[in-house]
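Residues per chain, in single letters:
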Amino acid sequence: KYGCGKGDCGTCTVLLNGDPVRSCIILAIEADGQKITTVEGIMKGGKTTPLQDAFIEHNSFQCGYCAPGMILTATAFLQKNPKPNRGEVQEAIAGNLCRCTGYTAIIDAILEVAKK
């Protein structure tokens, strides 16, 4: 998804070798031969992940524009820190802007998945 085009909003986040990066500021040569995962790529057998389900259950997005970047950032974060506290989640998603929700539902969804 195209957002700001400057790497500021996080809308275009993808996972590059498992780490969240802003695709708008990654050169094609940097991605050559690397594993790139989009939000569709984290699904297993066409089924949504528990994190994607939690985003839906918590109404964690209204317009949906930030959702792919938020979900991919949170996916990578939870793999590195499976039992975070609220502050750690806030810090992890700080580079992803959402203009609709106020972040509370997003953070709640991430924490719910971390509890399971």
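Read on for an overview of the structure.

Cut-offs applied
- Residues numbered from 1 in each chain as written.
- Predicted model: local features only at pLDDT ≥ 70, side-chain atom pairs only at ≥ 80, totals over all residues.
- Heavy atoms only, no water.
- Helix = DSSP H or I, 4+ residues; strand = E, 2+ residues; numbered from the N terminus.
- Buried < 20%, exposed > 50% of the residue type's maximum accessible area, 1.4 Å probe, protein only.
- Contact = heavy atoms within 4.5 Å.
- Areas by Shrake-Rupley, 256 points an atom, 1.4 Å probe, with all protein chains shown as cover.
- Lys, Arg positive; Asp, Glu negative; His and termini not counted.
- Charge placed at Lys NZ, Arg CZ, Asp CG, Glu CD.
- Expected span 1.5 Å × (residues − 1).
- Salt bridge = Lys/Arg side-chain N within 4 Å of Asp/Glu carboxyl O.
- Axes fitted to C-alpha atoms, helices over the stretch in contact; angles between N-to-C directions.
- Parallel < 35°, antiparallel > 145°, perpendicular 65-115°, else oblique.
- Left-handed = near helix turned anticlockwise from the far one by under 90°.
- Nonpolar A, V, L, I, M, F, W, Y, C, P; charged D, E, K, R; others polar.
- Core = buried A, V, L, I, M, F, W, Y, C linked by side-chain atoms within 4.5 Å.

### Description of the overall build of the protein chain
Next up, step 1: For the protein chain, the helix and strand inventory stands at five helices and three strands.
Next up, step 2: Of the regular secondary structure in the protein chain, the N- to C-terminal order runs β-β-α-β-α-α-α-α.
Next up, step 3: In terms of its C-alpha atoms, the protein chain occupies a principal-axis envelope of roughly 40 × 30 × 25 Å.
Next up, step 4: Every one of the 116 residues in the protein chain was classed for burial, and the buried ones make up 42%.
Next up, step 5: The long-range share in the protein chain, meaning contacts at least 24 apart out of those at least 6 apart in sequence, stands at 55%.
Next up, step 6: When the accessible area of the protein chain is evaluated, it comes to approximately 6,600 Å², of which 54% is carbon and sulfur surface.
Next up, step 7: Of the side-chain charges in the protein chain, 12 are positive and 11 negative, and the distance between the mean point of each set is 3 Å.

### Description of the side chain of asparagine 96
Next up, step 1: With respect to the helices and strands, asparagine 96 occurs in the loop between α4 (86–92) and α5 (104–115).
Next up, step 2: Residue asparagine 96 is classed as buried on the basis of its relative accessible area of 2%.

### Brief notes about α5
Next up, step 1: When the terminal C-alpha atoms of α5 are compared, their 16 Å separation across twelve residues agrees well with the 16 Å that a helix rising 1.5 Å per residue should span.
Next up, step 2: The set of residues buried in α5 consists of Ala105, Ile106, Ile107, Ala109, Ile110, Leu111, Val113 and Ala114.
Next up, step 3: For α5, the elements touching its buried residues are α2 (50–57), α3 (67–80) and α4.

### Considering the pattern of salt bridges
Next up, step 1: Throughout the structure, instances matching the rule amount to four salt bridges.
Next up, step 2: For aspartate 8, the salt bridge goes to lysine 6, with nearest N and O atoms at 3.8 Å.
Next up, step 3: For aspartate 108, the salt bridge is made with arginine 86, and the minimal N-O distance between the two is 2.4 Å. Within this pair, whereas aspartate 108 is found in helix α5, its partner arginine 86 is found in helix α4, the two being separated by 22 residues in sequence.
Next up, step 4: The exposure class assigned to arginine 86 is partly exposed, which follows from its relative accessible area of 36%.

### Considerations on the packing of α2 against α3
Helix-helix packing is characterised by the crossing angle of the two axes and by the distance between the axes.
Next up, step 1: Look at α2 against α3: their axes get within 10 Å of each other, and the N-to-C directions meet at 130°. Judged on the interaxial angle alone, α3 and α2 are oblique. Read as a crossing pair, α2 and α3 show a hand that is right-handed. Residue-level contacts link Leu51, Gln52 and Phe55 of α2 to Met70, Ile71, Ala74, Thr75 and Leu78 of α3.
Next up, step 2: Grouping the constituent residues of the contact of α2 with α3 by class yields six nonpolar, two polar and no charged.

### Here's the deal with the environment of cysteine 9
Next up, step 1: Along the chain, cysteine 9 falls in the segment before β1 (13–16).
Next up, step 2: When the C-alpha atoms of cysteine 9 and glycine 69 are compared, they prove to be 9.0 Å apart, with 60 residues separating the residues in sequence.
Next up, step 3: Among all residues touching cysteine 9, those that are not within four sequence positions of it are Gly3, Cys4, Gly95, Asn96 and Leu97.

### Topic: the nonpolar core
Next up, step 1: If you look at the biggest cluster of nonpolar residues, it comprises 25 residues, and the most contacted ones within it are Leu51, Phe55, Met70, Ile71, Leu78, Ile106 and Ile110.
Next up, step 2: Mapped onto this core, the elements with two or more residues apiece are α2, α3 and α5.
Next up, step 3: In this structure, isoleucine 110 is in contact with Leu51, Phe55, Ala74, Leu78, Val89 and Ile93, ignoring residues within four places of it in sequence.

Spatial relationships are all this shows, so hold off on functional conclusions.
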